[in-house]
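# An overview of the molecular structure
Spelled out from the first residue to the last, the chains are:
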Amino acid sequence: MTLHTTQRSRIPFVLVITAALVGVLLGTFEIANTSVGWHLASGRWVIENSSVPSHDPFAFSSESVEWVDHEWLFQTGAALIHRYGGGEALSLARSLFIAGLAVLLFVIGCRSGLSPPVALALSAVCIAGARPRFFLRPELVTLVVVPAAVWIFLDRDRHSTKFWLPGLAAVMVVGANAHRAALVVPILLTGILAASFVEMAVLGKWRPETLKSGSLGVVTAITALLVNPYGWRLFAVPFQLNALVDQPHIPNPEWIPPTVRSSPMLFAVIIISALVLAIGERRAARWSLFIMAVGLAMRHIRNLGLFFVLLPLAIAPSLARWK
């Protein structure tokens, strides 16, 4: 039995199941992050009040300060799962979510031209690399939203606008209401588009439709982010958060740069991936995506997951040329 993705490739269904099992295996472990209680409490508040909070309902000294709860969608879903299934259901939901991520990365590899076994291996490496970020919190949604949105954007020339553009918008709306890190998507798409523009200018080979569709995709991604209860105020959240974590009296190990000692796999994969791209990739868009992913990972260790979920999109086409 096979899963048909394109006329050029067929993905064996057994390998789809294998990818899912890899995700379940690597996504199953004890819930260790202490923030899960706060997320569950926030989700219960949203359910009980049938609205999202505009001020922190749990604060005594700052109840008058506005609060942009950009994670309300994840919190609500987690609270509902916990209400009807308890902690075991939350753990199972996380495992299934990571299984879906593993399948997504596997399919991306296959659609990029890799043979299914190689795509499966790449997916497994990326899931293993991102595993330290598989906490039961809103970041999980971002780890699916970001590669899905970038894939839709990169693959847009294969599809009619009426198919890929609504898909991109839908993914971005989910991201805008589940976790603030979805704001990185327009930056990634703009970087990819800018790289394509520079490549066209250097080579003198202009593709107006590619630039037009790319610009439309960037605008759509930004506009879709506004579909949230707080509107444009969502865009201010990263700046406010960075201002807080930069304070010397608020140390947080998630917001420090990684080192070879703390993340040896990250540095090894970066070096190997750079060699893969140097040998087989001449398209500026893929290089741009890789450089931006590395930049995110090097800035904060909490971005390690984003690097690994973006990696197949950056290097899979180059690996596919090694046939």
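The structure contained in this document is the topic of the report that follows. (Residues numbered from 1 in each chain as written. Predicted model: local features only at pLDDT ≥ 70, side-chain atom pairs only at ≥ 80, totals over all residues. Heavy atoms only, no water.)

A surface patch of nonpolar side chains, amounting to about 540 Å² of accessible area, comprises Phe 197, Val 198, Val 202, Leu 203 and Trp 206. Looking at the secondary structure, you find Leu 203 in helix α7 (residues 184-203). (Patch = residues over 30% accessible without salt bridge, like charges linked within 9 Å, V, L, I, M, F, W, Y side chains within 5 Å. Areas by Shrake-Rupley, 256 points an atom, 1.4 Å probe, with all protein chains shown as cover. Salt bridge = Lys/Arg side-chain N within 4 Å of Asp/Glu carboxyl O. Helix = DSSP H or I, 4+ residues; strand = E, 2+ residues; numbered from the N terminus.)

The next thing to look at is unusual backbone geometry. In this structure, Ser 50 is a non-glycine residue whose phi angle is positive, near 50°. Looking at Ser 50, the relative accessible area reads 68%, which means it is exposed. (Buried < 20%, exposed > 50% of the residue type's maximum accessible area, 1.4 Å probe, protein only.)

Below, the discussion takes up the packing of aromatic side chains. The full count for this structure, using the stated rule, is 5 aromatic pairs. Plain terms: the ring middles of Trp 38 and Trp 67 are 5.6 Å apart, the flat faces sit at 55° to each other, and that makes the pair tilted. A residue pair is termed long-range when its members are at least 10 positions apart, and Trp 38 in helix α2 (residues 36-49) and Trp 67 in the loop between α2 and α3 (72-111) qualify at 29 residues. Its relative accessible area of 15% is what places Trp 67 among the buried residues. Between Trp 287 and Phe 290, the ring centres sit 6.4 Å apart and the planes meet at 80°, which makes this aromatic pair edge-to-face. Of this pair, Trp 287 and Phe 290 both sit in helix α11 (residues 284-299), 3 residues apart, which is roughly one turn of that helix. Sitting over the face of the ring of Phe 29, Arg 94 holds its NZ or CZ atom 4.0 Å from the ring centroid. One residue, Arg 156, lies across the ring of Phe 153, its end atom 4.2 Å from the ring centre. (Phe/Tyr/Trp six-rings, centres within 6.5 Å; stacked < 30°, edge-to-face > 60°. Lys NZ or Arg CZ within 6 Å of the ring centre and 35° of its normal.)

Here we come to the packing of α7 against helix α8 (residues 208-225). Closest axis-to-axis distance for the α7/α8 pair is 9 Å, and the angle between their directions is 165°. With respect to their mutual orientation, α7 and α8 come out roughly antiparallel. Between α7 and α8 the crossing geometry is left-handed. In this structure, α7 contributes Pro 186, Leu 189, Thr 190, Leu 193, Phe 197 and Met 200 to the contact, and α8 contributes Thr 210, Leu 211, Gly 214, Ser 215, Gly 217, Val 218, Ala 221, Ile 222 and Leu 225. (Axes fitted to C-alpha atoms, helices over the stretch in contact; angles between N-to-C directions. Parallel < 35°, antiparallel > 145°, perpendicular 65-115°, else oblique. Left-handed = near helix turned anticlockwise from the far one by under 90°. Contact = heavy atoms within 4.5 Å.)

Distances and angles like these do not, on their own, reveal function.
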